[in-house]
Amino acid sequence: MIDFSLSSEQEALRARVQAFIRDRVIPREGDVRQGPHGPHDDLRRELNALARAEGLLAPHVGRDWGGLGLDHVSCAIAFEAAGYSPLGPIAMNCSAPDEGNMHMLELIATEAQKERFLRPLAAGETRSCFAMTEPAPGAGADPNLLNTEARRDGDHYVVNGRKWLITGAQGAAFAIIMARSEEGATMLLSDMSAPGIVIERILDTIDQGFAGGHAVLRFENLRVPEENVLGAPGEGFKYAQVRLAPARLTHCMRWLGAATRAHEIARDYAARRQAFGRVLGEHEGVGFMLADNEIDLHQCRLAIWHCAWLLDRGLSAGSASSMAKVLCSEALFRVADRCVQILGGMGVTHDTVVERIFRELRAFRIYDGPSEVHRWALARRALRASGAGHS
Ligand SMILES: Cc1cc2nc3c(=O)[nH]c(=O)nc-3n(C[C@H](O)[C@H](O)[C@H](O)COP(=O)(O)OP(=O)(O)OC[C@H]3O[C@@H](n4cnc5c(N)ncnc54)[C@H](O)[C@@H]3O)c2cc1C
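Residues numbered from 1 in each chain as written. Predicted model: local features only at pLDDT ≥ 70, side-chain atom pairs only at ≥ 80, totals over all residues. Heavy atoms only, no water.

**Some thoughts on the nonpolar core**
Stated precisely, the cut-off is as follows: By nonpolar core is meant a set of buried Ala, Val, Leu, Ile, Met, Phe, Trp, Tyr and Cys residues that side-chain atoms within 4.5 Å join together. Each residue's exposure class comes from its accessible area (1.4 Å probe, protein chains only) as a fraction of the maximum for that residue type: buried when under 20%, exposed when over 50%, partly exposed otherwise.
The biggest cluster of nonpolar side chains holds 67 residues, and the ones touching the most others in it are V17, F20, M92, L249, I304, L332 and L361. Counting 25 residues, the second largest nonpolar core, distinct from the first, contains W65, M132, L189 and Y239.

**Digging into the packing of aromatic side chains**
Threshold: Two rings belonging to Phe, Tyr or Trp (six-membered ring only in the last case) form a pair when the distance between their centres is within 6.5 Å. Interplanar angles under 30 degrees mark stacking, angles over 60 mark edge-to-face geometry, and anything in between is tilted. Only DSSP runs of H or I with at least four residues qualify as helices, and only runs of E with at least two residues qualify as strands; both kinds are numbered from the N terminus onward. Definition used: whenever NZ (Lys) or CZ (Arg) falls within 6 Å of the ring centre and also within 35 degrees of the ring normal, the charge is taken to sit over that ring.
As enumerated under the stated definition, the model contains 4 aromatic pairs in all. Ring centres of F333 and F358 lie 5.1 Å apart, and the angle between their planes is 25°; this geometry places the pair in the stacked category. Residue F333 is located in helix 9 (residues 318–342), and its partner F358 is located in helix 10 (residues 354–361); the two are separated by 25 residues in the primary sequence. Put simply, the rings of F210, F364 and Y367 pair up and form one aromatic cluster. Positioned over the ring face of F333 is R365, at 5.3 Å from the centre of the ring. One cation-aromatic arrangement involves R380 over W376; the distance from NZ or CZ to the ring centre is 4.7 Å.

**Observations regarding the layout of surface pockets**
The rolling of a water-molecule-sized probe over the atoms marks out the regions of remaining empty space. Note the cut-off: Computed over the protein atoms alone on a 1 Å grid, cavities are sets of points where a 1.4 Å probe fits but cannot get out and pockets are open sets with protein on both sides within 12 Å along at least five of seven lines; a residue lines them when it has an atom within 4 Å of a point. Grid points are joined across faces, edges and corners, and a volume is the space filled by probe spheres set on the points. For this classification, the nonpolar set comprises Ala, Val, Leu, Ile, Met, Phe, Trp, Tyr, Cys and Pro, the charged set comprises Asp, Glu, Lys and Arg, and every other residue, Gly included, is treated as polar.
Within this model, the second largest pocket holds a volume of roughly 400 Å³. Lining the second largest pocket we find 15 residues, and of these D3, F4, V73, W305 and W309 sit closest to its centre. By residue class, the composition of the lining of the second largest pocket is 8 nonpolar, 3 polar and 4 charged.

**Focus on the pairing of strand 5 (residues 156–167)**
Note the following rule: Paired strands, as defined in this entry, are two strands with at least two bridges between them according to DSSP.
As paired strands, strand 4 (residues 149–153) and strand 5 are joined by 5 bridges and run antiparallel to one another. When the bridges of strand 5 are listed, D153 appears paired with H156. Between strand 4 and the antiparallel strand that follows it, strand 5, lie 2 residues; G154 among them carries a positive phi value of about 65°. Across 9 bridges, the pairing between strand 5 and strand 9 (residues 214–225) is antiparallel. Each bridged residue has a counterpart across the sheet, and for G161 the counterpart in strand 9 is F219.

Quick look at the structure:
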């Protein structure tokens, strides 16, 4: 049966998140406590308090750990509405990388690890980071190039290596580190204050939406007790997939909300602004851009909802989430690009949020798997299905 109707709870959830974003978050978008490396933590905490008061904090986390315990389809609805403001996901504590980290901790961590790391993270008391990518020649699009080493020393692992592009490392309470141990790729939890973690620098990047920005990290004989191994040693790549399949989908949800906002701003401009004797939207060149935006937004929403539906049924969603990720990262960028064009000169100014959405969406084609890597994986599966490809 194909059923796209939302339950009354889901309709009510969407209305609550939309009202929260409109009334409490958008008015704070101009807050000066934001910079090139994201919103400052005191602003984040204030926003978290507002979301907590509305009962909207950490929608994706189980109730036992302080969240709302939403399924994936309900998250799609809430996250899209949250993404309407660049501060929305931060406010509701469902922003990257914390949201993906919470999901993974909830699924894999021991009860003691959950108490120590997940509970304060879900409550918005702390932030976290996920340290996998390394500068060349280390792990990037190809995780098998992982260079960071975790060497056994009694009941500890000793970690050495470098990571970069690590979102939120500055100001994070702890890191989930991917390193190579004798058992294979292993995930380790470490306090960021531990001796042996050095933040070399914060990168200046195209985006400004993530708290803490993106850092270059160095591990120098970082000692991690074995009780801080996340899951089983050697299973790191498997767990990365546990994190990445839903995490890339939640990026799609949030960016869908952002692109919808850009589209509405451009649509309203096209409905008012005059040129050559009529409003812009009545010129076919502009009207068709609006129509193409509607088509792209609609396709993205359908792909997200379908993948979320698969995840809710515990079905394999690897291909569906790869397809959604490629579709959304490319289609939503096209939407934002058209919006800039429709707004004319205003589109490249900071007078609307469209310029920022356009700029920040660009990076989404790279993180959580570049488009080419997803296409490559999809092609391999397609070839395998024909019986002609290599396994
Ligand atoms: C804003 C941002 C935030 C990020 N946050 C984090 C984070 O918090 N933690 C973390 O660990 N990492 C993070 N990353 C890193 C991100 O996951 C990597 O950038 C991504 O995996 C690609 O790796 P790379 O940059 O080393 O690119 P490379 O591996 O050098 O690849 C470069 C390009 O080569 C092409 N390519 C690669 N493989 C193939 C292929 N098989 N077929 C065809 N083309 C291919 C792609 O076009 C790709 O973009 C972040 C990145 C960005 C941009």
